[in-house]
Every structure is written in structure tokens, then in C-alpha cells.
Amino acid sequence: MNAANLWEAFARADLDPDAPALGDLSRRAAVGRVTELAERLRAQGVRPAETVGLQGPNQPEWVLGLLALTAVGACPLLLPADSPPAETRRLLRTAGARRTLVTDPGEAHGAVLRPHDGGTDDGSTGAGIGAGDADPGPSAHDPGTVVLVSSGSTGTPKLVARSPRSVLDEGVRYHHAGLARREDRVLLPLPLSHAYALGWLAGALVAGAHVDPVPPRAVGSVHSRLREGATVLVTVPGLARVLARRRALTDDAPFPALRRVMAGAGYVDAGLDALWSRALGVGVSRNYGSSETGSVLWGEPGLPSGAVGRPMPGVRIDLLDPDGTPVPGGGAAQGELAVALEDGSVHRLHDLADRDEDGVHRILGRARLGVVRRGARWVSTLEVESVLRAAPGVADVSVTATGAQDSDDQGLTVEYVPADTELASPAQVQAYARAELAGFKVPDSFLPRYRLRRSAVGKTQAAPAYRLARGARAATTAEQVLAAALTELGLPPLLAQGGTAADLAATTGLRAEVLSPVLDTACALGLLVTDTFSAGAPGDWTLPPDVLPGGRALAARVRGETAHERPDPPAAPFGPSAVAKALRASVEELLAETAVDGSLLEIGDGAAPPATDAGHGACVVLGGVHGPAAGLGSLAALLRPKGLLVVADAFVHDPLALTDDRSRTLAVRWLVDGHLHWWTTQELRAGLEAVGLRVEESQGAERAPYAIVVARKPS
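Small disclaimer: the values here were computed from a predicted structure and weren't measured. (Residues numbered from 1 in each chain as written. Predicted model: local features only at pLDDT ≥ 70, side-chain atom pairs only at ≥ 80, totals over all residues. Heavy atoms only, no water.)

Chemist: Describe the overall build of the chain, naming the residues involved and giving the relevant values.
Modeler: Helix and strand counts for the chain stand at 21 helices and 31 strands. When burial is assessed residue by residue, the chain has 55% of its 715 residues classed as buried. Pairs at least 24 apart in sequence give 66% of the contacts found in the chain among residues at least 6 apart. Looking at the chain as shown, the accessible area adds up to about 28,200 Å², and 51% of this sits on carbon and sulfur atoms. (Helix = DSSP H or I, 4+ residues; strand = E, 2+ residues; numbered from the N terminus. Buried < 20%, exposed > 50% of the residue type's maximum accessible area, 1.4 Å probe, protein only. Contact = heavy atoms within 4.5 Å. Areas by Shrake-Rupley, 256 points an atom, 1.4 Å probe, with all protein chains shown as cover.)

What follows is the structure, given as C-alpha cells:
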């Protein structure tokens, strides 16, 4: 290809200028927008080889910003849209970036160039830098290099630089493999800052296809685009499972234009493939690669669980033995993956894989983390996760190795989120594992958790270390309650040094599974920071334990005590939800439009469902899905076949990034009254599906103060 970078590939003369190219924009309009934005960036002093952050929602404006930065020769640093400010500052500082191009459809020009404030990780700020006066200093990269933030396998962000040629080469692979064609409309509902999305974006631009970016998990937008003629849907396994169970998608299937569904950045099992084939008539293709190399393997639908197919055009895949020597090709083999790219560079990917007689590769897991030696046999944690995800009542699961890495008999630990604490008790999940897995694959311990920390593309993230935030002040009632609880638990001295939730719980004798979300909420309120952020002395938020009774109640819960003390009525933020009337009115309107076959049962906040009363045509739960134990299975048991479960409650969009007073107050109220089990509607959907219900619809946006989720019991 003659183009030197993505911008030249997008703007080349052989493409129809009036054809749709980016969202609702024609190629002519998009080229004009990029040219205008590039001129503004030059006028503001953006220089070739300067590293500039790029951050914004999944919208066409983000792609325009990437192309404009490329056009001026800058090095875009692709910042995750959901990164908290402290992490964003750290990434900018690590990359040497002094400015960020923030894309926003609401801006007059679609993007604004903002200076990095020089702040520290604890939230304090330094002197601002005027956009026109920024001095980027020497760059470590060539002009046009794209800098990716990779979560790696440990959950700790790292920076990966990809040259313009490397990005174009990956795009050519997609085009030559026939995955991206000029006549395609490629739908991208995944974080554009991720390496997987960048590769597909490059493939679509090289092919001259129509690119349609939409926000991750925007199920409604995905549905409407499929109805409008999207031909390729690029997704990740978790979202693919949600989409294939959506009633609207399956009712409107088949979508005549949809020719390929690609799931990457995660483990694809045969069950997911069968689910898509059964629901929409299109199986799931596979994608595999790394941030450094881009995609290097792909496979058609119908492959076995964990299989990712054959090499993409232009790359060579080797399997290395323990000494690093390539295993002879031409037959079945097992070893560590290594890839030789178009430019002659060789990369060891640190994943173990096996290759069958047909040349199809199956990923076993990370060479040091995801593949466990147990006696004389190897066990893939990805395979065990895939099996346990189908266990009754399991909403989410993560399997990790324990013991020394060089041990010949490592242990396996399962952390999982139960949708029902009885249906998915540790004993029940262990029994399921013994029935479904060979004895040497059965994990040693099964630990229920309220939630698992995952990245935007679904990768399990390592447990963070928590530390005090320097200069934090507990100003609001919500902050004061958390500060009082942490003080009563005696944690501030320990937090000054830092530690994981498990470390802190073990030291103080607290319940780790309850302490972890408390610490996460304290981070979201700005009282604590995580990972490598700077520690400081105890801030002004250290309060005597009798400031608010909510703090004492929360401390008792973390200790595992039975005391349940609610705050006094004057503490208004913890009173009845202001949206209760709106919730009830919306539910009544929904039920009036829905034919309910049988009696209607209503369950309020804190009320337990009747143990023997079953066979209802509908069950409405108003504000009662949060609490110290999940019981979605008992709710499902109340319904007759085809019965409806309507869950109406207030939800927190992201408990790790509480950006407004309403969600902060709500999160702390849940912690005090009985810890929230379902932080987000997305997690609630997963829980409902785990107990055998089928989610049909949800009303209210993720960021709305409340939502209504409707599920049906299968016949």
C-alpha cells in the first residue's frame, strides 16, 4: 500500500468521496473536518513527533481526532475514555505528553486541545500550561507513532508504541484476509483506544469501508445499526453474549446484511458460537493478537472452544519449545507463540498454544500465569473459566494460579460472582466443577465475590493496592460516612503504607469480600488512590467514629457483625430515594402495556420473597436487588413459565468513577444499608441470565438515576 499512515489511507483519491465513510459523514465531509482540525492543531503549536493525548467517547469525532493528529505528524496517546483523572495524569506524564485532544460531539469543532495540568496522582495540581506555549520537549517516537495503553495480563497499564507502518500493516492483514472489504459497514461498539479496536479501524480504513463507532455496551445503537445494514460487527465475548440474548435482536433476525461477527480480546467458547448461530444465524469468528503486534491469528465460526484459527496474511507463527527453539511445522505441536511480522521483527507473545493437524491454533493461556502445571499435565485457566461460567447462578468468574510459578503442582483458585448465594454456594460450584472437569482440572478453592474488576474489554484486572490520597477532605455527607467507617476500622495508619483489600482484611481480621467495595467507593470519592499513586499522610477526613451512625453501621458490616444501624433521618442523603415515585409510575405504565398471565407479586426494598408462594405471572421488585446476599434465583422461582420479572431500582453507572453527587450518595447509602450487589444494570443483566432468565429490555440510560430491567422465565 502506498499510504504512509492512516490519514493518507483514509483520504486517498481512489475512494468515492460521496460514499458514507464515518458514522453519518461522507468521505468528503470527513476529510474536510480532519483538514480543518489539523490546521487548528498546527496553529496551536502541535509539532511533528509531539506526543498528544487523545481521549473521548466512542463517536466519529474520536476517529477524526486520531486522523487529524496523524495528519500533523503528532504521536497520539490513546487514553481510555473511562480512565479516572489520576490515572490519566500518570499516563500523560509517563508518555511525556503535555496536552490532550479531548473529542466531544457537543464542541463546535468536535474537539478541544487541553493542557496537561501537571497535577500529581493524589489530585493536587501544578501550574497550567497554555496550549500555545506548550513545550513538548524531545520525543522518543517517530512522527505518526501511535502510543497504546495496554492493560497487559496483570491489569497494570503500560505504554506500547506502534509505528505508522505497523498500524497500516495490520490494516492490510484484515483487508487481504477478506475480513474488511470496501463495501462493508463495520460496526465498532468497543473502546476505540484499545489495540483490538485500532486494528479493526485500520483494516476498515485500508479497505475503504464505512466505519461506524458506537459506545461500548450501547445495545440499542448496535440493534439500530444492524437493522440499517451493518455488515461486520466487531465485539468482545462478554458483549457478544449480551447481544445474542437481546430479544429485539433475535426477534428481528436474521439481519440480511450482517455477514460476520468477530469476537476478540477474550476467550471464545463453542457455547458462544452456538448461541449466535442459533439466535441470529451467524456464528462467531475469532481474533487473536497483542498490543505490540496487532492481530496475527483469526478463524471462521465453528472452531472448538479456545481456538483462534490460522495466521493472518503477511505474518508467520512459530511455536517455541522451552529452550526458545521453534517446533518443526507441518503437524500437531504445543509451545509458546512467536510471530514474525512483515517488517522482519520477531515477537514472543508469552502465550502457550497448541496447533492441530490442520494448522488451527488454540490458546491455552499465559505461559507463566494462565497455564498451570499440575503433576504431569497442563491446565488452562481459560478453559476452566469457560466451563464454570455456565454453572448455575454464576454471573462472572475468574480462575488464577497459586503457588510458585516453577512448581510442578500449582493450585487453582476460583473467584466468582454469585447471582444467588444458595444456588451458587462454594459447595455447589465445586460440585459442578467436579461433574464437568477432569479431576486434575478441578480448582482447590472457590471464593464468592461481590464483583470482579475488569477492563473495558473484559479482561480481569489485578487487585490494586489502596493508599491514602494526599490532601483529601471529607466535605460531603457521603465522604464523611466513608471516612468515619475507615477510621473506626483502624485503617488509616495501614492505608498510609498501602495494601490490597486481602492484605488489609487479613491484618485487621475484617471481611475481605465486604471491605473491597468499601475501599473502591472511597477511591471513587477521592479519599483513597490505588496502585502506584503517591501515598500521603492521613488527610483531614480522619474523623472520630461517632460523627455519623452510618459510619458505625458500615464498620460493623465490614467486621461481619450483625448490628444494622441506619443513619438518623436528618442525614437526608440516606433517606428514601427521590426517584421512588417515578420508578413506580414507570413500572405501572410498563405493566399496563404488557399482558401478564397470572397474579402479580410486588416486593419492596428489604422484603424477602415468600418461600412457598410460586407461580406468579409477574414479580415486581422495587429497590430490592441490593443487599449483603444475592437472591435472584429465589425471585426466578416465584414465576410461572413465561412469567415476567421487573426490577426497578437506582443504579450506579460505574462504582469506580462516581462523578456526580447523586451516584456518590447512592453508593454510600447502599454500603450502609446493606452492601450493593448489583452496581450496574449490565451486571444485573448478567446475574439474571445466570439464574436462567432471559433479559428482554431495559428502560433508562446507564447514567440515568434509575433503570427498569425486564426478564422473562423461559417456557
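Chemist: Quick one: what's the story with the environment of His-223, residue by residue and with numbers?
Modeler: Among the secondary structure elements, His-223 is positioned in helix α7 (residues 219-228). Each C-alpha atom, one on His-223 and one on Ala-248, is 7.5 Å from the other, the two residues being 25 residues apart in sequence. The residues touching His-223, leaving out its near neighbours within four places in the chain, are Ala-248, Leu-249, Asp-252 and Phe-255.

Chemist: Quick one: what's the story with the environment of Gly-359, residue by residue and with numbers?
Modeler: Turning to its location among the elements, Gly-359 is positioned in the loop between β18 (346-355) and β19 (361-366). Remark: the alpha-carbon pair of Gly-359 and Gly-330, spanning 29 residues in sequence, is separated by 7.6 Å. Residue contacts for Gly-359: discarding those within four places in its chain leaves Gly-309 and Arg-310.

Chemist: Please set out the pattern of salt bridges residue by residue, giving values where relevant.
Modeler: Summed over all chains, the structure comprises 29 salt bridges. A salt bridge links Arg-12 to Asp-14, with the shortest nitrogen-to-oxygen separation between them at 3.0 Å. Judged by its relative accessible area of 45%, Asp-14 is partly exposed. Two residues, Asp-269 and Arg-241, come together in a salt bridge whose shortest N-O distance is 3.1 Å. Here Asp-269 is found in the loop between β12 (260-263) and α10 (270-280), whereas its partner Arg-241 is found in helix α8 (residues 237-244), with 28 residues between them in sequence. Of the two residues, Asp-269 and Arg-241, neither departs from the other in class, the shared state being buried. By sharing partners, the salt bridges in this structure join Arg-185, Asp-212, Arg-225 and Glu-228 into a single network. (Salt bridge = Lys/Arg side-chain N within 4 Å of Asp/Glu carboxyl O.)

Chemist: Account for α7, naming residues and giving values.
Modeler: Each α-helix turn comprises 3.6 residues. Residues three or four places apart therefore point the same way. By the burial criterion, the buried members of α7 are Val-219, Val-222, His-223 and Leu-226. Taken down its axis, α7 places every buried residue within 100 degrees of arc, on the same side. Buried residues belonging to α7 abut β9 (185-188), β11 (232-235), α8 and α9 (247-252). At the C-terminal side of α7, Gly-229 shows a positive phi close to 115 degrees. (Arc of directions from axis to C-beta.)

Chemist: Outline the confidence of the model for the chain, listing residues and values.
Modeler: Mean pLDDT for the chain: 83, with 85% of residues reaching 70 or above. pLDDT under 50 marks residues 152-156. Its contacts with residues more than four places away, or in other chains, come to 10 contacts. Here residues 563-578 is modelled with pLDDT under 50, and outside its nearest four sequence neighbours on either side it reaches 28 contacts, counting other chains as well. (pLDDT = per-residue confidence, 0-100.)

Chemist: How would you summarise the environment of Leu-91 if you had to cite specific residues and measurements?
Modeler: Looking at where Leu-91 falls in the secondary structure, it is placed in helix α4 (residues 85-95). What makes Leu-91 buried here is its relative accessible area of 4%.

Chemist: Help me get a handle on the nonpolar core, residues and values and all.
Modeler: Grouped together as the largest cluster of nonpolar side chains are 99 residues, with contacts concentrated most on Leu-6, Leu-41, Leu-101, Leu-188, Trp-200, Trp-276 and Val-296. When residues of this core are assigned to their parent elements, the largest contribution, 11 residues, is made by helix α6 (residues 195-207). Listed in part, the 46 residues of the second largest apolar core include Tyr-450, Leu-658, Trp-670 and Leu-676. (Core = buried A, V, L, I, M, F, W, Y, C linked by side-chain atoms within 4.5 Å.)

Chemist: Residues and numbers for the packing of helix α16 (residues 512-524) against helix α20 (residues 661-673), please.
Modeler: Contact geometry of α16 with α20 gives a least axis separation of 11 Å together with a crossing angle of 160 degrees. In terms of their interaxial angle, α16 and α20 are classed as roughly antiparallel. You can see that α16 and α20 cross each other, and the crossing is left-handed. Along its contact with α16, which presents Pro-517, Val-518, Thr-521 and Ala-524, the element α20 presents Arg-664, Ala-667, Val-668 and Leu-671. Grouping the constituent residues of the contact of α16 with α20 by class yields six nonpolar, one polar and one charged. (Axes fitted to C-alpha atoms, helices over the stretch in contact; angles between N-to-C directions. Parallel < 35°, antiparallel > 145°, perpendicular 65-115°, else oblique. Left-handed = near helix turned anticlockwise from the far one by under 90°. Nonpolar A, V, L, I, M, F, W, Y, C, P; charged D, E, K, R; others polar.)

Chemist: Kindly report on the sheet that holds strand β24 (residues 445-448), identifying the contributing residues and their values.
Modeler: Where strands meet in a sheet, backbone hydrogen bonds hold them as pairs that are either parallel or antiparallel. With respect to topology, three strands assemble into an open sheet ordered β22-β23-β24, the strand pairing being mixed. Every other strand in the sheet has two partners, leaving β22 (394-402) and β24 as the edge strands with one partner each. Strand-to-strand, the axes of this sheet are offset by a mean angle of 25 degrees, without reference to chain direction. For β22 and strand β23 (residues 411-418), the ladder comprises eight bridges, and the chain directions are antiparallel. Residue pairing in the sheet places Asp-396 in a bridge with Val-417 of β23. (Pairing = 2+ DSSP bridges.)

Chemist: Let's hear about the sheet that holds strand β7 (residues 146-150): which residues, and what values?
Modeler: The strand order across the open sheet formed by six strands is β6-β5-β3-β4-β7-β8, and the pairing between neighbours is mixed. A strand with exactly one partner marks an edge of an open sheet, and here the two such strands are β6 (111-115) and β8 (158-162). Averaged over all neighbouring strand pairs, the angle between strand axes comes to 30 degrees, with direction disregarded. Of the strand pairs in this sheet, strand β4 (residues 75-78) and β7 are connected by two bridges, and their pairing is parallel. Of the residues in β7, the one forming a bridge with Leu-77 is Val-147.

Chemist: Which residues make up the packing of aromatic side chains, and what values go with them?
Modeler: Counted according to the given criterion, the structure contains one aromatic pair. A ring pair is formed by Tyr-174 and Trp-200, whose centres lie 4.7 Å apart and whose planes are at 45 degrees; its orientation type is tilted. Of this pair, Tyr-174 sits in helix α5 (residues 164-176) while Trp-200 sits in helix α6, and the two are 26 residues apart along the sequence. You'll find Tyr-174 and Trp-200 in the same group, each marked buried. (Phe/Tyr/Trp six-rings, centres within 6.5 Å; stacked < 30°, edge-to-face > 60°.)

Chemist: Please provide a residue-by-residue account of the pairing of strand β29 (residues 639-649), values included.
Modeler: Here is the key point about a regular strand: its side chains alternate between the two faces of the sheet. Taken across its 11 residues, β29 has eight buried, putting it largely inside the fold. For strand β28 (residues 616-622) and β29, the ladder comprises six bridges, and the chain directions are parallel. By the bridge assignment for β29, Val-620 is matched with Val-646. When β29 meets strand β31 (residues 707-712), the two strands line up antiparallel, connected through six bridges. Across the sheet, the residue bridging to Leu-644 is Arg-712, located in β31.

Chemist: Can you break down unusual backbone geometry residue by residue, with the values?
Modeler: In this structure, the amide linkage connecting Ala-253 to the following residue, Pro-254, adopts the cis form with an omega of 0 degrees. With respect to the secondary-structure elements, Pro-254 resides in the loop between α9 and β12. Positive phi values are uncommon outside glycine, yet His-350 reaches one of about 65 degrees. Look at Lys-642: it is not a glycine, yet its phi comes out positive at around 70 degrees. Following the sequence through the fold, Lys-642 ends up in strand β29. For Lys-642, a relative accessible area of 56% translates into the label exposed.

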